[in-house]
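Each chain, written out:
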Amino acid sequence: MREKILVIEDEQSINDLICMNLEAAGYQTFSFFDGNQAHLHLEEYRELDLALLDVMLPGRNGFELLENFQRLKIPVIFLTARGDLSSKVRGLKEGAEDYLVKPFEMLELLVRIEKVLARNRKEEECIRIRDVEIFPLERVVKKNGRKAAADPAAEGGAVFH
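This section reports on the structure supplied with the text. (Residues numbered from 1 in each chain as written. Predicted model: local features only at pLDDT ≥ 70, side-chain atom pairs only at ≥ 80, totals over all residues. Heavy atoms only, no water.)

### Quick look at unusual backbone geometry
Excluding glycine, a negative phi dihedral is what most residues carry, and trans is how most peptide bonds are arranged. Note the cut-off: The way it works is that DSSP assigns letters per residue, a run of H or I at least four long becomes a helix, a run of E at least two long becomes a strand, and they are numbered from the N terminus.
For the bond from Lys-102 to Pro-103, the omega torsion is -5 degrees, close enough to zero to count as cis. If you trace the backbone, Pro-103 turns up in the loop between β5 (98-101) and α5 (106-119). Backbone geometry at Asn-144 places phi at a positive 55 degrees, although glycine is not the residue there. If you trace the backbone, Asn-144 turns up in the loop between β8 (140-143) and β9 (146-150).

### Let's talk about the pattern of salt bridges
Where side chains of opposite charge bring their charged atoms close, a pairing between them can arise. Formally: A carboxyl oxygen of Asp or Glu within 4 Å of a side-chain nitrogen of Lys or Arg is what we treat as a salt bridge. To sort residues, take the accessible area from a 1.4 Å probe on protein chains only and compare it with the maximum for the residue type: under 20% means buried, over 50% means exposed, and anything in between is partly exposed.
Enumeration over the complete set of coordinates arrives at 10 salt bridges. Its salt-bridge partner being Glu-43, residue Arg-46 comes within 3.0 Å of it at the nearest N-O pair. Residue classification places Glu-43 among the partly exposed positions, given a relative accessible area of 41%. Residue Asp-84 pairs with Arg-82 through a salt bridge whose shortest N-O separation is 4.0 Å. Asp-84 sits in the partly exposed class, given a relative accessible area of 33%.

### Remarks on the sheet that holds strand β3 (residues 50-53)
Worth spelling out the cut-off: DSSP-based pairing: two strands are paired if at least 2 bridges between them are found. The axes are straight lines fitted to the C-alpha atoms, using for helices just the contacting stretch, and the angles between their N-to-C directions are given from 0 to 180°. When checking whether two residues touch, look at their non-hydrogen atoms; a contact exists if any pair is within 4.5 Å.
Taking strand neighbours across the sheet as the criterion, the five strands line up as β2-β1-β3-β4-β5 in an open arrangement whose pairing is parallel. Across the chains shown, the open sheet's two edge strands, defined by having one partner strand only, are β2 (28-32) and β5. Each strand axis lies, on average, 20 degrees off the axis of its neighbour in the sheet, ignoring direction. The sheet contact formed by strand β1 (residues 4-8) and β3 spans four bridges and is parallel. Directly across from Val-7, in β3, lies its bridge partner Leu-52. Contacts from helix α4 (residues 85-93) reach β4 (76-80) and β5 within the one sheet, and its direction differs from that of β5 by about 150 degrees. Docked against the sheet, α5 engages β1, β3, β4 and β5, running at close to 175 degrees with respect to β5.

### A look at the packing of aromatic side chains
We apply this condition: Stacked, tilted and edge-to-face are the three classes assigned to paired rings of Phe, Tyr and Trp, where Trp is represented by its six-membered ring and a pair needs centres within 6.5 Å; plane angles under 30 degrees give stacked, over 60 edge-to-face, the rest tilted. In our convention, an over-ring charge means Lys NZ or Arg CZ found within 6 Å of a ring centre and within 35 degrees of that ring's normal.
Inspection of every chain in the model, using the stated rule, returns four aromatic pairs. Ring geometry for Phe-78 and Tyr-99: centres 5.8 Å apart, planes at 55 degrees, overall tilted. Separated by 21 residues along the polypeptide, Phe-78 in strand β4 and Tyr-99 in strand β5 bring together distant segments of the chain. Here the aromatic cluster, defined as three or more aromatic residues joined through ring pairs, consists of Phe-30, Phe-32 and Tyr-45. Taking the ring centre of Phe-63 as reference, the NZ or CZ of Arg-90 above it sits at 4.0 Å.

### A look at the pairing of β5
Two elements, β4 and β5, share four bridges in a ladder whose sense is parallel. Counterpart to Phe-78 in the pairing with β5 is Tyr-99.

### A word on the side chain of Glu-9
Along the chain, the position of Glu-9 falls in the loop between β1 and α1 (12-24). Beyond its immediate chain neighbours, meaning those up to four positions away, Glu-9 contacts Ile-14, Asn-15, Phe-32, Phe-33, Asp-54, Leu-57, Leu-79 and Lys-102.

### A short note on α1
For clarity, the threshold we go by: Here the expected span of a helix is defined as 1.5 Å times the quantity of residues minus one. Taking the helix axis as origin, the arc is that swept by the directions to the C-beta atoms.
When the terminal C-alpha atoms of α1 are compared, their 18 Å separation across 13 residues agrees well with the 18 Å that a helix rising 1.5 Å per residue should span. Listed as buried for α1 are Asn-15, Ile-18, Cys-19 and Leu-22. All buried residues of α1 project into a common sector of 95 degrees when viewed along the axis, lining one side. More than 90 degrees from the buried face of α1, the exposed residues found are Ser-13, Met-20 and Ala-24. Its buried side turned inward, α1 meets β1, β2, β3, β4 and α5. Gly-26 occupies a position one or two residues after α1 and carries a positive phi of about 100 degrees.

What follows is the structure, given as C-alpha cells:
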C-alpha cells in the first residue's frame, strides 16, 4: 500500500516539485496552497500517513493547522522558510515530528519522511485466540489462515474459505 502524504505549501513551484518527487519515490500525494482550504477539507483526508506543512500560509498558518493534524493522529513535518530558533522550538514542542528549513535538499526530505513514517507506521491490530485471528480495522476474521464469510445458515454464522 502506498503511503499518502498531504503537501500544504503556498508556492506553486515548490508544491509541484515536492509532489513530483514524492510520487517518483512511490508515495501518493494530495496538495493544498492555502491554510483555510486545507482546514476545510482535512476531514476528507483522515487516512493520511503524513503531512508536509509550511508555517507561513495564506489563511490559517501551519502552527494553527498543527492541532487538527494531531487530533487526527497524522504526523507533521514542517517545511518552511522560518528558520529562527523560536519557530523551530515552537513547532517541535507543539507536536511536529520534524522541522526542515528552506531551501532544503530533496534527498534529505525523502530520508526524513521515511524516518517519520517508520516511527508512526499504522500497524494493523490483530487479536489472536488459538487458530483464530481477528483484524478489527479491516473487519476480517481468519481461522487457520482462511478468511471467514458471513453465512447465517452455517453453524456459528460463518463459513471459512
